[in-house]
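Coordinates in review
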Amino acid sequence: MYLTKEEEQILNGDAGETLRQAIEILVALGDIYGADRLIPIKSAQIAGVSYKTMGDAGLEWISDLQGKVKVPAILNPAGMDLQDWERLRISPEFAEKQKLIVQAYEKLGIRCECTCTPYTLEGFDVGYGDHLAWSESSAVSYANSVLGARTNREGGPSALSAALLGKTANYGFHLDENRVPEISFDVEYPLKGSDYGALGYVAGNLAGSKVPVFHLRSTPDADELKALGAAMAASGAVALYHVEEVTPEICRVNFEEPSEKITIEKSQLDEVYESLKKACKEPELITIGCPHCSAAELEKAAKLLRGKTVSKEFWIFTSRELAKRYPEYVGTIEESGAKVVCDTCMVVSPATNSYSCVMVNSGKALAYVPGMCGAEAVYGSMEACVEEAVGGAAKNVAKKGGDSN
């Protein structure tokens, strides 16, 4: 891989040990994947933040680093709400370690707004064709697919290294030839709301790491695209997808139709919703906001909960910036007894580990909760989640579509 004179000096240690380690990581990845050079990036989003997944070894590593990031950089969700961690019964010992991790990142000049939806924040704009180094799977999918930017699914260390250098290795989805559709999915019936998360859950299993193109009979909005991509990234390893006449790249580039074609039947999505009926236990915890809720999703949740009182634990996750921007939605939600939680999510917080059955409206959470939280996960629309939370007979109502995620 070609390095400039300045980059060679950094690799030799002339700019300090932290940058030497950073460029060494990027050069190693570049050599593995055949990159020709390092390229500038516009921003970075860094995973590996929750103490639940990092542990003491990760804390020690991040604490030893020195310097400042060269581009705007932000963190993935942590393992707790950084300002109200006791609310979900996080232990003081976990909270202390989690705060030290965030402080170590902050020392490096990283924005400590812990969210998987950085594209919703002010001052973190992403444009078509921008090169990024993002690491959270749903954020990567959204950036590549919905925004038309270019990023690989970076690991936490490589995203941090890219942020410190302001560059990443030029391979994978940074290159035109790797953004071509490889598999086609045809859906012959209209979708709405949580149907897109169910579709993503099914399609991700079928696509693996291939780049899919979807032919739909309905036009998804931004939140529905977010749900589709997040689910595919979790049930498979899809980091880029196209939707005919919807996503920006396929509207600008004349791709050839892939030879591999699959029709997704309605019965396949019905099976995702059937998880609630087939559950071994009643849901003890209801959660939405994986990825973090948008303003529209917060508004929808507030409307559904207005005047109601929940009878089960109900957690709604969003970024702290959006929670502050829309206090009226937060207030209405919390008047019901539900909790609006920032900085974390049900997947990376140890708080979820004390529940044996969790209801979600996210295909991503449906894929991750069993393995990462040790709980059974069941799926329903936002309406079904609210009905379950307030004590409705959720197993006897329709759970398909009609919501904002």
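Cut-off values and rules
Sequence order as written defines residue numbering, which begins from 1 separately in each chain. Confidence filtering applies because this is a predicted model: local features only for residues at pLDDT of at least 70, side-chain atom pairs given and counted only at 80 or more, and all residues used for totals across whole chains, interfaces and linings. Working from all heavy atoms in the structure, the side-chain values ignore hydrogens and water. Salt bridge, as used here, is a side-chain nitrogen of Lys or Arg placed within 4 Å of a carboxyl oxygen of Asp or Glu. Numbering goes from the N terminus for both helices and strands, where a helix is a DSSP run of H or I of at least four residues and a strand is a run of E of at least two. Relative accessibility thresholds used throughout: buried, under 20% of the residue-type maximum; exposed, over 50%; partly exposed, between the two (1.4 Å probe, protein chains only). Note on method: axes are straight lines fitted to C-alpha atoms, helices fitted across the in-contact stretch only, with angles between N-to-C directions ranging 0 to 180 degrees. To sort the angles, those under 35 degrees are grouped as roughly parallel, those over 145 as roughly antiparallel, those from 65 to 115 as roughly perpendicular, and the leftovers as oblique. Two residues qualify as a contact provided that any one of their heavy atoms is within 4.5 Å of a heavy atom in the partner residue. Each residue is assigned to one class: nonpolar for Ala, Val, Leu, Ile, Met, Phe, Trp, Tyr, Cys and Pro, charged for Asp, Glu, Lys and Arg, and polar for all the others, Gly among them. Strands were regarded as paired on the criterion that DSSP finds at least two bridges between them. Either an automatic procedure or a domain database provided the assignment from which the domain bounds are taken. The term buried area denotes the loss of accessible surface (1.4 Å probe radius) that occurs when two parts are joined, taken as the sum for both partners. Here a polar contact is taken to be a pair of N or O atoms separated by no more than 3.5 Å, where protein atoms must pair a possible hydrogen donor with a possible acceptor and residues adjacent in sequence count only if both atoms sit in side chains. Here a Phe, Tyr or Trp ring, Trp counted by its six-membered ring, pairs with any other such ring whose centre lies within 6.5 Å, and the pair is stacked when the planes are under 30 degrees apart, edge-to-face when over 60, and tilted otherwise. Either the NZ atom of lysine or the CZ atom of arginine qualifies as a charge over a ring when it sits within 6 Å of the ring centre and within 35 degrees of the ring normal. UniProt positions are given in the numbering used here, feature names are shortened, and annotations may be inferred rather than shown by experiment.

**With respect to the pattern of salt bridges**
Throughout the structure, instances matching the rule amount to 27 salt bridges. For Glu-334, the salt bridge identified is with Arg-87, shortest N-O distance 2.5 Å. Of this pair, Glu-334 sits in helix α14 (residues 327–335) while Arg-87 sits in the loop between β3 (73–75) and α4 (92–107); the two residues are 247 residues apart in sequence, bridging distant segments of the chain. On the basis of relative accessible area, Glu-334 is assigned to the partly exposed category, the value being 29%. Its relative accessible area of 28% is what places Arg-87 among the partly exposed residues. It is possible to trace a salt-bridge network through shared partners that takes in Arg-111, Glu-113, Glu-321 and Arg-325.

**Quick look at the packing of helix α8 (residues 222–235) against helix α15 (residues 363–373)**
It is the contact of α8 with α15, at a shortest axis distance of 7 Å, that shows an interaxial angle of 25°. As judged from the angle between their axes, α8 and α15 are roughly parallel. Residues Ala-230, Ala-231, Ala-233, Ala-234 and Ser-235 of α8 form the contact with α15, whose participating residues are Gly-363, Lys-364, Ala-367 and Tyr-368. Per-class residue counts for the contact of α8 with α15 are 6 nonpolar, 2 polar and 1 charged.

**Remarks on the sheet that holds strand β8 (residues 242–243)**
Strand order in this open sheet of 4 strands is β8-β7-β6-β9, and the pairing throughout is parallel. The open sheet has two edge strands, β8 and β9 (261–264), and neither has a second partner.

**Topic: the domain arrangement of the protein**
Accessible area lost during the coming together of the parts is what is often quoted as the interface size. Parsing the protein into structural domains produces domain 1 (5–175), domain 2 (180–271) and domain 3 (279–390). Across the domain 2/domain 3 interface, buried area totals approximately 890 Å², and carbon plus sulfur atoms make up 64% of it. Where domain 2 touches domain 3, the interface holds 1 salt bridge. Notably, a salt bridge pairs Lys-226 with Glu-297, separated by 2.8 Å at the nearest N-O pair. Counting across the domain 2 and domain 3 interface gives 5 residue pairs in polar contact (both at pLDDT 80 or more). Where the side of domain 2 that touches domain 3 is concerned, the elements lending two or more residues are α7 (195–207) and α8.

**Let's talk about the packing of aromatic side chains**
Enumeration according to the criterion identifies 10 aromatic pairs in this entry. Look at Phe-214 and Tyr-241: their rings are 6.2 Å apart centre to centre, the planes differ by 85°, and that puts the pair in the edge-to-face class. Of this pair, Phe-214 sits in strand β7 (residues 212–215) while Tyr-241 sits in the loop between α8 and β8, and the two are 27 residues apart along the sequence. Note on Tyr-241: relative accessible area 0%, which makes it buried. Ring pairs connect the aromatic residues Phe-185, Phe-214 and Tyr-241, which therefore count as one cluster. Sitting over the ring of Tyr-128, Arg-252 keeps its end group 3.7 Å from the ring centre.

**Regarding the UniProt feature "domain: Phosphomevalonate dehydratase large subunit-like" (unreviewed entry) in the protein**
The positions UniProt marks with the feature "domain: Phosphomevalonate dehydratase large subunit-like" (unreviewed entry) are residues 1–387. Across residues 1–387 one finds 41% helix and 15% strand; the C-alpha atoms that close the span lie 56 Å apart.

**Comments concerning the pairing of strand β13 (residues 357–360)**
Along any regular strand, the residues point their side chains to alternate faces of the sheet. Residues of β13 alternate between two faces, with Cys-357 and Met-359 on one and Val-358 and Val-360 on the opposite face, all of them buried. Sheet topology places strand β10 (residues 285–293) next to β13; 3 bridges connect them, and they run parallel. Directly across from Leu-285, in β13, lies its bridge partner Val-358. Across 4 bridges, the pairing between β13 and strand β14 (residues 376–379) is parallel. When the sheet's bridge partners are listed, Cys-357 is paired in β14 with Glu-376.

**Remarks on the side chain of Ser-275**
Position of Ser-275 among the secondary structure elements: in helix α11 (residues 275–278). We classify Ser-275 as buried; its relative accessible area is 17%. Setting aside its immediate chain neighbours within four residues, Ser-275 contacts Ala-377, Val-378 and Tyr-379.

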